[in-house]
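Here is how the chains run, residue by residue.
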Amino acid sequence: MNHLQSWPEPVVRVQALSESGLTKIPDRYIKPITDRPSPKNLDDTHIDIPVIDLQNLLSNNQTLQYETLSLISNACKEWGFFQVVNHGVSHELMKQARETWREFFDQPLDVKQKYANSPSTYEGYGSRLGVDKGAKLDWSDYFFLHYMPASLRNQSKWPAVPQSCRKLIAAYGEETVKLCEKLMKVLSINLGLGQGHLQNAFGGTKDIGACLRVNFYPRCPQPDLTLGLSPHSDPGGMTLLLPDENVSGLQVRKGNEWVTVKPVPNAFIVNVGDQIQVLSNAIYKSVEHRVIVNAVKDRVSLALFYNPKSDLLIQPIKELVTKDRPALYQPMTYDEYRLYIRTKGPCGKAQVESLKHR
């Protein structure tokens, strides 16, 4: 782990670059031509990922329940992404969480620098993923923190400003983790397993990992040359994203196209991570996504990563392995698995593909 103790070069804060008034972005942020968003990707036309109302999961009407389960199953297979409404998390809490984090990123640089992170845990205020010297960088800053397991929850590493931040992080973490537990039951049922099977494969509810990454995508003078976040699939189990309601930026790969997601008010965007792809033996697939940036508006989004117990061996669930569908992936702990993105940065689907049996 020695190579993950410090960044390979001085860290530049992208927000500071953006606010300096520069008209051309530095070369470090210019992506190869094949990786840049095309004009088609930057316009405001949207094909939407599925939007699913979770209210019917609690209905006494079995037909409505079944329809909702079916919609989620299809979304996991066809898209790897969907939006959920009527999910049980307070809309006011969602709004306050977003506003509080925006306030944090509006603080003077010296206040934020107190929380500067290192690649050993990534906890704190950061501006890059990966430790390769001279690597191309993304046009974003972020704040990363641990919410679960409780042994890793260290509130002294959470922002003390604005004053409401720590209290809101705790409340937001509690509610979003509950929603993830509810969705895990749904995914488990849809895989033909008992409702607690997938959760047990994660190590139960007490020792799972839950991390929050708050993304800040500053305005960019040349949005056609760069990305806020390079293409990748999420290395963890499941991601619950609270997007910026005013500015679109998330794009999901569908075939050879990049589809810009249009956030629905008061919705979360849910996506399958690599660990669920492995556990489901690729019945559900994690899907590549990326973030484009905007010339006139900045964006804030909150990604809650719901992950297996970190030292548990993750491999295809035996009930989902058959003669016709043998186990596709080699076993690996999540601790080992996440070292890849922490070292290399976002690399499309290369990591999960590398686990396949040859």
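Residues numbered from 1 in each chain as written. Predicted model: local features only at pLDDT ≥ 70, side-chain atom pairs only at ≥ 80, totals over all residues. Heavy atoms only, no water.

## Thoughts on helix α6 (residues 165–190)
Note the following rule: Each helix corresponds to a stretch of at least 4 residues labelled H or I by DSSP, and each strand to a stretch of at least 2 residues labelled E; elements are numbered beginning at the N terminus. Helix span, expected: 1.5 Å multiplied by one less than the number of residues in the helix.
For α6, which comprises 26 residues, the first-to-last C-alpha distance of 37 Å matches the rise-based estimate of 38 Å (1.5 Å per residue) to within 8%. Residue G192 follows α6 closely and has a positive phi angle near 80°.

## Let's talk about a negative patch on the surface
The line we're drawing: Nonpolar side chains (Val, Leu, Ile, Met, Phe, Trp, Tyr) within 5 Å and like charges within 9 Å form the patches, drawn only from residues with over 30% relative accessible area and no salt bridge. Residue exposure ignores everything except the shown protein chains as possible cover, and the areas themselves are Shrake-Rupley values with a 1.4 Å probe. Note on definitions: salt bridges are taken to be side-chain nitrogens of Lys or Arg within 4 Å of carboxyl oxygens of Asp or Glu. When charges are counted, neither His nor the chain ends are considered; positive counts come from Lys and Arg and negative counts from Asp and Glu. Working definition for charges: the position is that of NZ of Lys, CZ of Arg, CG of Asp or CD of Glu.
Taken together, the side chains of E19, E92, E99, E103 and D106 present a region of like negative charge at the surface. Turning to its location among the elements, E19 is positioned in helix α1 (residues 14–19).

## Describing the sheet that holds strand β1 (residues 51–53)
Adjacent strands of a sheet pair through backbone hydrogen bonds, lying either parallel or antiparallel. We count it as follows: The rule for pairing is simple: two strands pair if DSSP sees at least two bridges between them. Every axis corresponds to a line fitted to the C-alpha atoms, with the helix fit spanning only the stretch in contact, and the corresponding angles, defined between N-to-C directions, vary from 0 to 180 degrees. The contact criterion used is simple: two residues touch if any of their non-hydrogen atoms lie within 4.5 Å.
The mixed open sheet is built from 8 strands, whose spatial order is β1-β2-β10-β7-β12-β5-β4-β3. For this open sheet the edge positions go to β1 and β3 (124–126), each flanked by a neighbour on one side alone. Across the sheet, the mean angle separating the axes of adjacent strands is 25° when strand polarity is ignored. As judged from the 4 bridges shared by strand β7 (residues 238–242) and strand β10 (residues 268–272), these two strands associate in the antiparallel manner. Bridging from a neighbouring strand, T239 pairs with N271 of β10. Contacts from α6 reach β2 (81–85), β4 (141–148), β5 (209–217), β7, β10 and β12 (299–307), with the element oriented near 130° to β7.

## Overview of the UniProt feature "domain: Fe2OG dioxygenase" (unreviewed entry) in the protein
Rules: UniProt positions are given in the numbering used here, feature names are shortened, and annotations may be inferred rather than shown by experiment.
Taking the numbering used here, the UniProt-annotated feature "domain: Fe2OG dioxygenase" (unreviewed entry) corresponds to residues 207–308. Taken end to end, residues 207–308 has its terminal C-alpha atoms 8 Å apart, with 6% of it in helix and 43% in strand.

## Details of unusual backbone geometry
Cis geometry marks the peptide bond from M148 to P149, where omega comes out at 0°. Tracing the chain through its elements places P149 in the loop between β4 and α6. Here the residue pair V161 and P162 is connected by a cis peptide bond, since its omega of -5° sits within 30 degrees of zero. Mapped onto the secondary structure, P162 falls in the loop between β4 and α6. Even without glycine at this site, N86 takes up a positive phi of about 50°.

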